[in-house]
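# An overview of the molecular structure
These are the residues of each chain, in order.
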Amino acid sequence: MAFGSFGIYLGSAVLMTYFTIFLTDNMLIPAASVSIILLASRILDAFTDLWVGSLMDRGRSKMGKARPWLLWMAAPSVISMMLLFYIPPFNETGKIIYAFITYNLVAFFYLTALTLPMNALVSLITPDDKYRLIFSQIWGFFSTLGAVFVNFFSTKIIQALGDGGQGFFWYFTIIAFVGVVFVLICFALTKERAREESDDASKSKEKLPFKTGVTAVIKNKYWWNAMGIYLMSNLVPACWAATAYYCIYWMNSQVDTGHLMALLWGGITGGILIFVPISRKLGKTKASAIGLGMQAIGSILLWIAPTSITMLWISTIFRSVGVGGLSGSFRAMLADVVEYGEWKTGVRTEGMIYSGSTFGGKVGAGLGGAIVAALLAWGGYIPNATTQAVKAMTSIKLAFIAVPFAGSILIIILLLLFRVEKLMPKIKADLETRNKI
């Protein structure tokens, strides 16, 4: 789990930070078009999550449900990332079409078909909910550790590898390759141990009908809740695409984007460790809500003093450490949703549950990225300009501070409605009794 989560976030974390500014300032695609690309691609990608999740639930092999995907999707993930950061010799329309196609390839191979099985492994490698929380925290810790690593060195390495788009191309190619190697190590060292829907060997060979799986998931009220949480918790970090713009124009390039993002991801890493005892004492949802409250406070502090470098660092600590509670617990929360769904419907659907929640996450990420680009277009952002107009500066501030604040508040509300954790002792006992019959 540690190797896999570390490897996946080597690519996805810097993609989150630099892709928008790569499109506007290197490919010279208008911000309005970037907004459409991000939103349309993510919504389309969200539906592929449901398809891949269904294939996982219906699949049966000696390697398990999720592990085979780590092997199959390794090479396509690297190739798609290489294509994404290649600048073709096309006109503006051609570049828009090329960016849309290649981004969807990365979204499918890297962000869905590789990442979704990694998420699902939390539920599949053990049936014990206590160990699932531990594995979820391990997942979160090493994923953010990978994000710290790639972001801290990113700016200087990209510059060293070549001017303009060339540096982005080689950096993301190297990062994607190294990340996939870590994922393959995870594939080799893990084993799926959690039971299937029944201990009956003949039943374990049956494929779950798509309609049955979808019906079971739709009837699971906490799946809807989890999908909402995942939507908003992906919308907020998607707005980190505004970080580079904020560092350049609000901080007058006195703050390195990579260093700031490394602190942000490092804060999340530290926050996961800080919230381990808190989540065990108060529960996953309460601890996560407290953390999101810290994130909201961080946004308020920066809004008050938007040009203060000191306040930017302080705000980043609040905004990042607070995320640790949810980042370390959410995959374990999804495992609880899996158990609740089996308890209510008699159908166990790890793949559909995890893909359904990431469906919401993909929509949230698409909305977040689209909001950033749309705000830039609204503000009249000029690529590579020395200074920006007042309206453009306001748009950057809204994207970097205000939207994440609103997202944090909505996540807190959704967490307070997520009450399945209290039911888990009864659910586990009933399922154990049911499977003995």
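Let me sum up the structure you'll find in this document. (Residues numbered from 1 in each chain as written. Predicted model: local features only at pLDDT ≥ 70, side-chain atom pairs only at ≥ 80, totals over all residues. Heavy atoms only, no water.)

### Considerations on the overall build of the chain
Across its full length, the chain carries 18 helices and zero strands. Relative to the globule expectation of 22 Å for 437 residues, the C-alpha radius of gyration of the chain, 21 Å, shows essentially globular dimensions. Expressed as lengths along the three principal axes of its C-alpha atoms, the size of the chain is roughly 70 × 45 × 35 Å. Each of the 437 residues in the chain was classed as buried or not, and the buried ones make up 59%. Considering only contacts in the chain between residues 6 or more positions apart, those separated by 24 or more positions represent 84%. Counting only carbon and sulfur atoms, one obtains 69% of the accessible surface of the chain, whose full area is about 17,300 Å². Averaging the locations of the 36 positively and 22 negatively charged side chains of the chain gives two centres separated by 4 Å. (Helix = DSSP H or I, 4+ residues; strand = E, 2+ residues; numbered from the N terminus. Rg over C-alpha atoms; globule rule 2.2 N^0.38 Å. Buried < 20%, exposed > 50% of the residue type's maximum accessible area, 1.4 Å probe, protein only. Contact = heavy atoms within 4.5 Å. Areas by Shrake-Rupley, 256 points an atom, 1.4 Å probe, with all protein chains shown as cover. Lys, Arg positive; Asp, Glu negative; His and termini not counted. Charge placed at Lys NZ, Arg CZ, Asp CG, Glu CD.)

### Quick word on a nonpolar patch on the surface
Taken together, the side chains of Leu44, Ile79, Leu83, Ile97, Phe100, Ile101 and Leu105 present a nonpolar region at the surface, about 590 Å² in accessible area. Elements that contribute at least two residues to the nonpolar patch include exactly α4 (74-84) and α5 (92-124). For the nonpolar patch, the leading source of residues is α5, giving four residues. (Patch = residues over 30% accessible without salt bridge, like charges linked within 9 Å, V, L, I, M, F, W, Y side chains within 5 Å. Salt bridge = Lys/Arg side-chain N within 4 Å of Asp/Glu carboxyl O.)

### Regarding the side chain of Ser395
Mapped onto the elements of the fold, Ser395 is located in helix α17 (residues 390-416). Of the polar contacts made by the side chain of Ser395, one reaches the backbone oxygen of Ala392; its length is 2.5 Å. Leave out the neighbours within four places in its chain, and Ser395 touches Leu375, Leu376, Trp378 and Gly379. (Polar contact = N/O pair within 3.5 Å; in protein donor to acceptor, adjacent residues only side chain to side chain.)

### Looking at a positive patch on the surface
The grouping of Lys221, Lys286, Lys344, Arg419 and Lys422 at the surface amounts to a positive patch. Note on placement: Arg419 falls in the loop between α17 and α18 (424-436).

### Section: the packing of helix α13 (residues 284-304) against helix α14 (residues 309-321)
Where α13 contacts α14, the axes come no closer than 6 Å and their chain directions differ by 165°. What the angle tells us is that α13 and α14 run roughly antiparallel. α13 and α14 meet at a crossing whose hand is left-handed. Facing α13, whose interface residues are Met294, Gln295, Ile297, Gly298, Ser299, Leu301 and Leu302, α14 presents Met311, Leu312, Ile314, Ser315, Phe318, Arg319 and Val321. (Axes fitted to C-alpha atoms, helices over the stretch in contact; angles between N-to-C directions. Parallel < 35°, antiparallel > 145°, perpendicular 65-115°, else oblique. Left-handed = near helix turned anticlockwise from the far one by under 90°.)

### Here's the deal with the side chain of Ser315
Assignment of secondary structure puts Ser315 in helix α14. Ignoring any residue separated from it by four or fewer positions in sequence, one finds Ser315 in contact with Gly298, Ser299 and Leu302.

### Points about the packing of aromatic side chains
Applying the stated criterion to the full structure yields 30 aromatic pairs. Between Phe22 and Phe85 the ring centres are 4.8 Å apart and the planes differ by 50°, which places this aromatic pair in the tilted class. Of this pair, Phe22 sits in helix α1 (residues 2-25) while Phe85 sits in the loop between α4 and α5, and the two are 63 residues apart along the sequence. The class for Phe22 is buried, based on a relative accessible area of 0%. On the basis of relative accessible area, Phe85 is assigned to the buried category, the value being 1%. Members of the aromatic cluster, each reached through a chain of ring pairs, are Tyr18, Phe19, Phe22, Phe85, Tyr103, Phe168, Tyr171 and Phe172. The positively charged end of Arg319 is found above the aromatic ring belonging to Phe400, 4.9 Å away from the centroid. Against the face of Trp303 rests Lys397, its NZ or CZ located 4.0 Å from the ring centre. (Phe/Tyr/Trp six-rings, centres within 6.5 Å; stacked < 30°, edge-to-face > 60°. Lys NZ or Arg CZ within 6 Å of the ring centre and 35° of its normal.)

### Considerations on the nonpolar core
The nonpolar side chains of a soluble globular protein tend to be buried with one another. Counting residues in each nonpolar core, the largest one holds 126 residues, and the members touching the most others are Leu15, Phe19, Met81, Phe85, Phe172 and Tyr246. Tallying contributions element by element places α5 first for this core, with 15 residues. When neighbours within four sequence positions are excluded, Leu15 is seen to be in contact with Met81, Leu84, Phe85, Val106, Leu111 and Phe172. (Core = buried A, V, L, I, M, F, W, Y, C linked by side-chain atoms within 4.5 Å.)

### Details of α14
Here α14 is 13 residues long and its end C-alpha atoms lie 18 Å apart, about the 18 Å a rise of 1.5 Å per residue gives. Of the positions making up α14, those classed as buried are Leu312, Ser315, Thr316, Arg319, Ser320 and Val321. (Expected span 1.5 Å × (residues − 1).)

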